[in-house]
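# What the coordinates show
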Amino acid sequence: MQEMAIPNATLEAPPAADAIIRAQKVEKYYAQPSQNRIQVISATDLSIVPGEILALLGPSGSGKSTMLRMLTGLSTPTAGEVYWHGTPISQAEINVSIVFQSFALFPWLTVLENVEAPLQARGVPPAERRERSMKMIDVVGLDGFEAAYPKELSGGMRQRVGFARALVVEPEVLFMDEPFSALDVLTAENLRSELLELWTKKTMPTKAVFLVTHNIEEAVLLADRIVVLGRNPGHIRTDFALQLPQPRDRKSEAFTHLVDYIYKVLTQPDVAPAEAPGQPAEPRTRDQRQMRYQMLPHARPGGIAGMLELLLDRGGRDDMYRLADDLAFEIDDLLPIVDAAQMLGFLKIEEGDAAITPSGEVFANSEILRQKELFRNAAVENVLLLRQIRRALDAKSDHTVPEDFFLDMLDEQFSEEESQRQLETAVTWGRYAELFDFDSARRRFVMPDALEEEIASTGDAK
Amino acid sequence: MNLPHPLARSLVIVRKTPFFVDLGVAACALALFFAVVSTGVYWFQKPIPVVPISNSIGALPAYAFYSLVRMAVAYFLSLAFAVSYGYIAAYNSRVEPWMIAVLDILQSIPVLSFLPPVVLAMVALVPGHQLGIEMAVIFLIFTGQVWNLAFSFYSSLKTIPREMLEASRIFRYSGWQRFWQLEMPFSAIGLVWNSIVSVAGGWFALIFCETFTMGARNFQLPGLGSYIQSATNSGDVHALLAGIAAVILIVVATDQLVWRPLIAWSDKFKFEQVESSEQVTSPILELLRRSRILDTLPGRIWNQVEEPVYQHMARTRECRVVRPLDESKSAKAPPAFWAVAVAIVLTVGWAAMQAMFMLSTITWPDLRLLLEGAAATFLRVNASLLISAAWTVPAGVAIGLNPPLARIVQPLAQIMASVPATAFFPILLIGLVKIGGGLGIGSVALMLLGTQWYILFNVIAGAMAIPSDLREVSSLYRFTRWQRWTRLILPGIFPYLITGMVTASGGAWNASVMAEYSHVKDRTLQTIGLGAQIDAATDHGRFAMLLLATIMISLMVVTMNRLVWRRLYRLAETRFKLEG
Ligand SMILES: Nc1ncnc2c1ncn2[C@@H]1O[C@H](COP(=O)(O)OP(=O)(O)O)[C@@H](O)[C@H]1O
Ligand SMILES: [Mg+2]
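Since the structure is predicted, the reported quantities are computational estimates derived from the model, not experimental observations.

Time to look at the overall build of chain A. Scanning chain A for helices and strands turns up 16 helices and 17 strands. Looking at chain A as a whole, 55% of its 462 residues qualify as buried.

Have a look at this one:
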């Protein structure tokens, strides 16, 4: 597959003067309430050049949206600079649009008014405004719905309005932040092919498209160039051009090979991608000693068990991509489950294949109570946070610990929102394993009920 | 241009033009013009502190009109101020915490204790015109209305979804366009509901403060409040009843002609992705929508005004670059900011010093009186809340679980909550004097009159919101009555009950100022209480007492809010949220 994927395209990227938007060593930190700053993007170079659809791919939380916001001037990089045709973006009169995941339409305006609004902002006179909007509504296939309100439309039609609104200003670069992920599979597929048609037939004067997605197939289907983002903090893992001709066939060998390759890159966050040997080592800005906690993948124990059982049915080893396909999962749904199984030592990733380990096999073959026990042992052994919570509970005389205690520690390492999610996942796992319980009214960790009674009764005996 | 409208909402409504509607609109415009002129004439005449009040029923429309104008002016001032205040607070992170703290404290201070100093200041400010006294009263209503409006607008601005803000930035909206197409529509529903509460509070205060005594000076403005007061003093029961009827009529008319159409109209601004089945309907709104003049004229005029603004804005720098949402806070503050900040700090410091000097004149017996009063008022306010809850919870639940009944009672409760209790107070007083009861009970009754409706309204809403499948489960498992209440109903209505109680508690504190001290037919009725102290201090012009009493009452309200209500609120939000 090396013949399709040309790695390190950035190294031979066109001269900067050609780039429409060029990010130079941009970094982003977010301030935390606790005085810490969390780095979301480490120093990154990225250029958007005319004539290509660039897909930015990565697991959720890797900073894709943050990157998009910096490239559009909506967010100021903490360090580095973004240029629009060579001028700093904060001073340039840029002409870009965004299609949003949530559509971000104004529910109190009709379809026509929604599409007209950007033109109004640019001072286009009413008659011309109306004509251009009507034409664009026609182009996206919403002819006849001008006077409807967004809430009267289906999700797919709403996103069509989103496209019409974005395209009506004739943007030089069209940005899209997971534009299809809120839609059902069929609708998404339709919209994708229509977008591709607009692009290939040059119906829109747009010179470049920047697509953020966590759907590998979507990226391989649409993109001329794929940039894979890794997380903690966000950094470019690989960046390569695709040379598959359009229209692309999902079933073709070249296509599946590419998808496989990207799966492998994404499931092995700690291994440098094979195709990028010459790449200089990433400057790791984060002190490794601080990284005490693993990032708990947000998977449910039931999901882990289900996946392992399925895998065992397949003889204990299967291609990740096929596994996802059979489960009708998107990568963002499967990845956390695989990560979790890996973290617990139930699964290994080898060459893009998921292989069950001996302990995983025992787990998958056991009945539910035994599974809980195995899960408990694996969790205490492998997951620092769970181990700490349990130890703290054992150590305290009243066997309860406030949530804040752990939040404070997690906050040093994760964003506030992520810390909260980490704790939520820890609670899900801890409850399943009967390691501890959580009293959401008092926001405290407590011993699980069964144990509490045991403690109480031994207390009485004394 | 001819547009096809297959899904147009506007086609759902038949576009006939009832001819009389347009005529009516024209007549209204004429009447408005006349009203403005005559109000102006009245305001700019020489000040007459005590305008003689006629008890004849024929004079009532004129008095009602004066009161309405006061109300309207105060309301629109509040709205304008609230919107500016909320806007500045939401978008200036440097001043935001300060402005929100100010909001929090000012909204817990009972307005009525401001009356005397405000009157003095305003009369001094505009000497030689009736306008001065008028302004004092309007200012007072204003301070009672503005804070919850400001808070509502502020919190709406803060909850605008991020992607919508980003859309407005990336499409280079001007501040003007953002305000009218994003911020205002997004806040509309909150503003409408808070306006209802605000205006109700405004009537409460207005009825009370059109007539008041301060030291040796009496003030009386022509209006419904004065009319009711004068009828009470002269023992004219007919006039009194007519006055009360006029107040109720105005409240009901406001509800039908203004609030319900507004609520129905603001449904358009609901920020939800699916069309909801239940909608408030308003015949008046339908009628207005059918009037061709009203339907197209404002839009056309507005376009004439707006178009040049957009053309101009598009050429400014603001609209040509995309401005980042996270502009760094560390940017240097302009010198003007520091100048204003220093000026404010100096003024506040100086005023606080003066106040301290003033407070030092208070003697120990005075202080004891105030402390006793504080305890008594505290007990009274909470007793009234408990009594309200005790009857509204069972009644509200019974009504709420019976949807057809609820649909009738709930709007009534909303209207009742808007009828100013102050209008009924004279009747209550006359009754008390007759049976020889004291104000100790009378004041609790007055607080009840004003506060219980808010609780009832919210409890009904809470009971209606209990998901029907949960109700079915409870009957399936044959819950006992006790289990039904403790497991299903009470947890279900808890958040609503708390919302109602918070609103009611604010109203009760405010009511205490006027409920504990009153003049009837040259007699002064009073009981022990902080409100009574405030009134007595006003009567005798003792500003030190007034100041200290106001501080104490505000402290108690703020403390109660922080220690009790806010915690209950949080509990309601986390633990008792019924997800349907
Ligand atoms: N405004 C913000 N304040 C603090 N943290 C943020 C903010 N926006 C995003 N983050 C954090 O930055 C990380 C990357 O977020 P994002 O760019 O949205 O990722 P993606 O789009 O790849 O899912 C996440 O951990 C998120 O919690
Ligand atoms: Mg994102």
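Contacts between the two partners involve 46 residues from chain B and, on the opposite side, 52 residues from chain A. Together chain B and chain A conceal approximately 4300 Å² of surface at their shared face, both sides included; 56% is due to carbon and sulfur atoms. Scanning the region where chain B abuts chain A turns up four salt bridges. In this structure, E163 of chain B engages R69 of chain A in a salt bridge whose closest nitrogen and oxygen atoms are separated by 3.6 Å. Mapped onto the side of chain B that touches chain A, the elements with two or more residues apiece are α6 (162–170), α7 (175–209) and α11 (292–315) of chain B. Examining the composition of the side of chain B that touches chain A, we find that six residues originate from one element, α6 of chain B, more than from any other. Residue composition of the side of chain B that touches chain A, by class: 24 nonpolar, five polar and 17 charged.

What follows deals with the packing of helix α11 (residues 358–365) of chain A against helix α12 (residues 368–382) of chain A. Residue and element names in this part refer to chain A. In contact at an axis separation of 8 Å, α11 and α12 are set at 150 degrees when each is read in the N-to-C sense. Relative to α12, the element α11 is oriented roughly antiparallel. When α11 is examined against α12, the residues V362, F363 and A364 are found in contact with a partner set consisting of Q371, L374 and F375. Looking at the contact of α11 with α12, its residues break down into five nonpolar, one polar and no charged.

Before going further, it helps to spend a moment on the sheet that holds strand β13 (residues 347–350) of chain A. All names here are of chain A. Pairing is antiparallel across the open sheet formed by three strands, whose spatial order is β12-β14-β13. Edge strands, defined here as strands with exactly one partner in the open sheet, are β12 (317–319) and β13. When the angles between neighbouring strand axes are averaged without regard to direction, this sheet yields 25 degrees. Relative to strand β14 (residues 353–356), β12 is paired through three bridges, and the arrangement is antiparallel. Bridge pairing in β14 places D319 opposite D353. Taken strand by strand, helix α9 (residues 320–327) contacts β12, β13 and β14, and its axis lies near 85 degrees from that of β12.

Residues and elements named next belong to chain A. Every residue near ligand 1 is listed here: Y30, V40, P59, S60, G61, S62, G63, K64, S65, T66, S415 and E417. Taking G63, its main chain carries an N or O atom lying 3.1 Å from an oxygen atom of ligand 1. The contact in question runs from an oxygen atom of ligand 1 to an N or O atom on the side chain of S65, over 2.7 Å. Compared with its free state, where it exposes 560 Å², ligand 1 has 73% of that area covered by protein. Across the shell around ligand 1, the residue classes tally to three nonpolar, seven polar and two charged.

Cut-offs used in this document
Residues numbered from 1 in each chain as written. Chains lettered and ligands numbered in written order. Predicted model: local features only at pLDDT ≥ 70, side-chain atom pairs only at ≥ 80, totals over all residues. Heavy atoms only, no water. Helix = DSSP H or I, 4+ residues; strand = E, 2+ residues; numbered from the N terminus. Buried < 20%, exposed > 50% of the residue type's maximum accessible area, 1.4 Å probe, protein only. Contact = heavy atoms within 4.5 Å. Buried area = accessible area lost by both parts, 1.4 Å probe. Salt bridge = Lys/Arg side-chain N within 4 Å of Asp/Glu carboxyl O. Nonpolar A, V, L, I, M, F, W, Y, C, P; charged D, E, K, R; others polar. Axes fitted to C-alpha atoms, helices over the stretch in contact; angles between N-to-C directions. Parallel < 35°, antiparallel > 145°, perpendicular 65-115°, else oblique. Pairing = 2+ DSSP bridges. Near = heavy atom within 4 Å. Polar contact = N/O pair within 3.5 Å; in protein donor to acceptor, adjacent residues only side chain to side chain. Areas by Shrake-Rupley, 256 points an atom, 1.4 Å probe, with all protein chains shown as cover.

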